[in-house]
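These are the residues of each chain, in order.
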Amino acid sequence: MQSRWNPLMNNGAVALGPLVMREFDQFFRDLPVRPSGAREFAPAADIYETAEGITLQVDLPGHDAKSIEVKVENDTLTLKSERKRPESQKDEGTRRLERNFGVFTRSFVLPRTVDPSRVEARYENGVLTLALPRREETKPRVIEVKVNG
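Note that the coordinates shown come from a computational prediction; the quantities given were computed from them, not determined experimentally.

Rules of the game
Residues numbered from 1 in each chain as written. Predicted model: local features only at pLDDT ≥ 70, side-chain atom pairs only at ≥ 80, totals over all residues. Heavy atoms only, no water. Helix = DSSP H or I, 4+ residues; strand = E, 2+ residues; numbered from the N terminus. Buried < 20%, exposed > 50% of the residue type's maximum accessible area, 1.4 Å probe, protein only. Contact = heavy atoms within 4.5 Å. Areas by Shrake-Rupley, 256 points an atom, 1.4 Å probe, with all protein chains shown as cover. Pairing = 2+ DSSP bridges. Axes fitted to C-alpha atoms, helices over the stretch in contact; angles between N-to-C directions. Salt bridge = Lys/Arg side-chain N within 4 Å of Asp/Glu carboxyl O. Phe/Tyr/Trp six-rings, centres within 6.5 Å; stacked < 30°, edge-to-face > 60°. Lys NZ or Arg CZ within 6 Å of the ring centre and 35° of its normal. Core = buried A, V, L, I, M, F, W, Y, C linked by side-chain atoms within 4.5 Å.

**Regarding the overall build of the chain**
Consideration 1: A count of helical and extended segments in the chain gives 1 helix and 9 strands.
Consideration 2: Ordering the α and β elements of the chain from the N terminus gives β-β-α-β-β-β-β-β-β-β.
Consideration 3: Per-residue burial over the chain gives 22% buried out of 149 residues.
Consideration 4: Contacts in the chain between residues far apart in sequence, at least 24 positions, make up 50% of those at least 6 positions apart.
Consideration 5: Roughly 12000 Å² of accessible area belongs to the chain as shown, and the carbon and sulfur atoms make up 50% of that amount.

**What about the sheet that holds strand E9 (residues 127–133)?**
Consideration 1: The strand order across the open sheet built from 4 strands is E3-E4-E9-E8, with neighbouring strands paired in antiparallel fashion. Because the sheet does not close on itself, it has two edges, and the strands there are strand E3 (45–49) and strand E8 (120–124). On average, each strand axis in the sheet is tilted by 15 degrees relative to the strand beside it, whichever way the strands run.
Consideration 2: In this structure, E3 lies alongside strand E4 (residues 53–59), joined through 5 bridges in antiparallel fashion. Paired with Tyr48 across the two strands is Thr55, which belongs to E4.

**What to know about the pattern of salt bridges**
Consideration 1: In this structure the tally under the stated criterion is 5 salt bridges.
Consideration 2: The salt bridge partner of Arg118 is Glu136, with a shortest N-O separation of 3.9 Å. Here Arg118 is found in the loop between strand E7 (102–109) and E8, whereas its partner Glu136 is found in the segment after E9, with 18 residues between them in sequence.
Consideration 3: The network of salt bridges with shared partners includes Asp115, Arg118 and Glu136.

**Some thoughts on the sheet that holds E7**
Consideration 1: Pairing in this open sheet of 3 strands is antiparallel, and the strands run E5-E6-E7 from one edge to the other. Edge positions in the sheet fall to strand E5 (69–73) and E7, since each has one partner strand and no second. Taking the axes of each pair of neighbouring strands and ignoring which way they run, one obtains an average angle of 15 degrees across the sheet.
Consideration 2: Taken together, the 8 bridges between strand E6 (residues 76–83) and E7 define a ladder with antiparallel strand orientation. If you follow Leu77 over to E7, its bridge partner there is Phe108.

**Thoughts on the packing of aromatic side chains**
Consideration 1: With the rule as written, the count across this model stands at 0 aromatic pairs.
Consideration 2: Against the face of Phe101 rests Arg83, its NZ or CZ located 4.9 Å from the ring centre.

**Concerning the nonpolar core**
Consideration 1: Formed by 14 residues in total, the largest nonpolar core has its most connected members in Leu56, Leu77, Leu79 and Leu128.
Consideration 2: Elements supplying a minimum of two residues to this core: E4, E6, E7 and E9.

**Here's the deal with the environment of Asp64**
Consideration 1: Counting through the fold element by element, Asp64 comes out in the loop between E4 and E5.
Consideration 2: Measuring from C-alpha to C-alpha, the distance between Asp64 and Lys84 comes to 9.1 Å, with 20 residues separating the pair along the chain.

**A short note on the pairing of E6**
Consideration 1: With 5 bridges joining them, E5 and E6 adopt antiparallel strand pairing. Within the sheet, the bridge partner assigned to Val70 lies in E6 and is Leu79.
Consideration 2: The hairpin turn running from E5 into E6, its antiparallel successor, is 2 residues long, and Asn74 in that turn takes a positive phi close to 55 degrees.

Given below as structure tokens:
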């Protein structure tokens, strides 16, 4: 059985030809760029839940701790920060930029079990850790069984 030749396929695997690669590169060049040259991005976050509450960890390497804003409003936790590109690296023969620079904003809807008045934030080694404690009335409790007789 004869099969039709497809220039994008190479033994069943996708092989991007020069034309496709140019279009791919152009797509990324045309992405919206902020006036300062910084792009908006959303850093990775991990969320853990225990009986005591929720822990949220967000990777923010290279961010100045003073530029990190943590805000709780109604039932929403909003994080905002900016990682600036060092002046020494601007337009000095840059060949490739893979690290993200710029402003990010990320919001999380808090469950009703979280006490927003007791949220704590700590920034260490490029990781922002937020402790979101449970409301006392939502913590699991053990009920003592009384025995009569």
